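# Structure at a glance
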Amino acid sequence: MNIVIFGAGAIGSLLGALLAKKNKIVFVGRTPHITCIQKKGITIKGKTHLSFKIPAVESAMDIPFVADLFILTVKSYDTETASKEILPYINDKTIVLSIQNGLDNIEKMQHSIQKNHILAGITMHGTIFSKPGEIIHTGKGETILGELDGSQSQRLKNLVEVFNEARIKTQISQDIIKEIWIKAIINSSINPLTAFFGCKNGYLLENPLLERITELVCKESISIASSQGISLSPLEIIEKTKEVIRNTAMNHSSMLQSIQQGKKTEINAINGKLVKIGTHHKIDTTLNRILTELITRLSPS
Ligand SMILES: NC(=O)c1ccc[n+]([C@@H]2O[C@H](COP(=O)([O-])OP(=O)(O)OC[C@H]3O[C@@H](n4cnc5c(N)ncnc54)[C@H](OP(=O)(O)O)[C@@H]3O)[C@@H](O)[C@H]2O)c1
């Protein structure tokens, strides 16, 4: 398959490096990561060890082939611009797969890309951008892909096969939107709380007050999800959130890392979007509103 990793940063570089064994890949990203890859290749350390040369460019205009698949791995605040840049390179059969966090990526993509080209996914892999040309694979996990309408299309089955052949353990979901919501709800507590308190994920369960806030944020986010027809058990989601916290206890969340690096965060695509939806449906959004406000004051917008 001819695959473009659009937004080759932490997670995109890992997926691209793994997929490169059996597919034609090009990374589209930013300097200095791209210039470093052009000179020395990509290096993955941590749970995966890889180091090899791979084509990398800084603009969609320089993609050296007709793409079958774009994997969109930019941060949610760049989704709209990235989608516009991809648009001229989409033909009848091109798939654009979002593997991102946040509740508004699909909506933003659809401002320029037709819905029938879009597939969605989430991944539980963890990666850190350590320096240009080098990514640390911090945690292995499952990847889930789905058609927006839940159908088990042939193109989806093919894609899942391509991912599994690359040793990216991947499953089909017949309700990928629900999976995106579950991940966003989990992130709606872990990300802003760790970012605001400047703590590792595990501290949320060591401090009883933070543990209680984590539970309350989950409950509020679940009630907002219900307004979208997404019915989730608070007990199950709170337990799932605590499981993620335990499994990543020593990690700094992506939102904390962004703040430490003086970068924008994905707060508007997670808690901010929950506030918008909740407010529209007259559901209490107090906690998500407070977290959005706190993080917005800490990071550039
Ligand atoms: N990292 C993880 O472990 C992980 C795991 C699961 C899901 N995710 C999700 O995956 C998405 C990406 O996360 P990430 O951590 O990989 O972010 P990241 O390291 O910031 O990677 C995104 C890259 O895309 C580049 N970019 C943005 N717009 C571009 C454009 N128009 N053309 C070319 N390059 C562009 C960014 O460059 P600049 O920053 O210089 O603009 C950055 O290098 C997020 O939604 C995140 O929540 C991440």
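Residues numbered from 1 in each chain as written. Predicted model: local features only at pLDDT ≥ 70, side-chain atom pairs only at ≥ 80, totals over all residues. Heavy atoms only, no water.

Moving on, we get to the overall build of the protein chain. When helices and strands are tallied, the protein chain shows 12 helices and 12 strands. Taking 2.2 N^0.38 as the reference for a compact globule, 301 residues should give roughly 19 Å; the C-alpha atoms of the protein chain span a radius of gyration of 19 Å, in line with that estimate. Viewed in the frame of its principal axes, the protein chain has a C-alpha envelope of about 50 × 35 × 35 Å. For the protein chain, buried positions account for 54% of its 301 residues. When the accessible surface of the protein chain is split by element, carbon and sulfur atoms take 52% of a total near 14000 Å². Charge-centre separation for the protein chain: the mean point of 35 positive side chains lies 5 Å from the mean point of 27 negative side chains. (Helix = DSSP H or I, 4+ residues; strand = E, 2+ residues; numbered from the N terminus. Rg over C-alpha atoms; globule rule 2.2 N^0.38 Å. Buried < 20%, exposed > 50% of the residue type's maximum accessible area, 1.4 Å probe, protein only. Areas by Shrake-Rupley, 256 points an atom, 1.4 Å probe, with all protein chains shown as cover. Lys, Arg positive; Asp, Glu negative; His and termini not counted. Charge placed at Lys NZ, Arg CZ, Asp CG, Glu CD.)

With that settled, the discussion passes to the site of the ligand. Near the ligand there are 21 residues, and of these Ala10, Ile11, Asn101, Thr127 and Glu266 occur at the shortest range. Note that an oxygen atom of the ligand is positioned 2.9 Å from one of the backbone N or O atoms of Ala10. Here a nitrogen atom of the ligand sits 3.1 Å away from a polar atom, N or O, in the side chain of Arg30. Relative to its free-state accessible area of 880 Å², the ligand is covered by the protein chains to the extent of 84%. Of the residues that constitute the shell around the ligand, the class distribution is five nonpolar, 10 polar and six charged. (Near = heavy atom within 4 Å. Polar contact = N/O pair within 3.5 Å; in protein donor to acceptor, adjacent residues only side chain to side chain. Nonpolar A, V, L, I, M, F, W, Y, C, P; charged D, E, K, R; others polar.)

Right, let's talk about helix H3 (residues 79-86) for a bit. Within H3, the full set of buried residues consists of Thr79, Ala82, Ser83 and Ile86. Buried residues along H3 cover an arc of 100° about the axis, so they all sit on one side. Elements in contact with the buried residues of H3: strand S1 (2-6), strand S6 (69-72), strand S7 (95-99) and helix H4 (105-109). (Arc of directions from axis to C-beta. Contact = heavy atoms within 4.5 Å.)

Attention shifts here to the sheet that holds strand S2 (residues 24-28). If you walk across this open sheet you meet the eight strands as S5-S2-S1-S6-S7-S8-S11-S12, and the pairing is mixed. The open sheet is flanked by strand S5 (56-57) and strand S12 (170-172), the only strands paired with a single partner. Here S6 runs beside S7; their pairing, made up of four bridges, is parallel. Following the sheet pairing, Ile71 is matched in S7 by Leu97. Running over the sheet, H3 touches S1, S6 and S7 and is turned about 165° from S6. (Pairing = 2+ DSSP bridges. Axes fitted to C-alpha atoms, helices over the stretch in contact; angles between N-to-C directions.)

This part takes up the sheet that holds strand S10 (residues 134-139). Strand order in the open sheet made by the four strands is S4-S3-S10-S9, with mixed pairing throughout. The sheet is open, and its two edges are formed by strand S4 (50-52) and strand S9 (126-131), each paired on a single side. Sheet twist, expressed as the mean angle between neighbouring strand axes with direction ignored, is 20°. Those strands touched by helix H1 (residues 10-19) are strand S3 (42-46), S4, S9 and S10, and its axis lies near 105° from that of S9.

Moving on, we get to the domain arrangement of the protein chain. Its domain assignment divides the protein chain into domain 1 (2-174) and domain 2 (178-298). The interface is formed by 15 residues belonging to domain 1 together with 16 residues belonging to domain 2. For the pair domain 1 and domain 2, the summed buried area comes to about 1500 Å², and 60% of that belongs to carbon and sulfur atoms. Remark: the boundary between domain 1 and domain 2 carries one salt bridge. Lys273 is the salt-bridge partner of Glu107, the closest N and O atoms lying 3.1 Å from each other. Looking at the side of domain 1 that touches domain 2 residue by residue, the class counts come to seven nonpolar, five polar and three charged. (Domains from an automatic or database assignment. Buried area = accessible area lost by both parts, 1.4 Å probe. Salt bridge = Lys/Arg side-chain N within 4 Å of Asp/Glu carboxyl O.)

A few words now on the packing of aromatic side chains. The final tally for this structure, using the stated rule, is one aromatic pair. Ring plane angle 90° and centroid distance 5.2 Å describe the contact between Phe196 and Phe197, whose orientation is recorded as edge-to-face. (Phe/Tyr/Trp six-rings, centres within 6.5 Å; stacked < 30°, edge-to-face > 60°.)

Moving on: the pairing of S6. Side chains Leu69 and Ile71 project from S6 onto one buried face, and the interleaved Phe70 and Leu72 project onto a second face that is buried too. Sheet analysis places S1 next to S6, joined by four bridges and oriented parallel. Within S6, the position partnered with Ile5 by the bridge is Ile71. For the crossover that starts at S6, traverses H3 and ends in the parallel S7, the hand is right-handed. (Right-handed = clockwise from strand over helix to strand, strands pointing away.)

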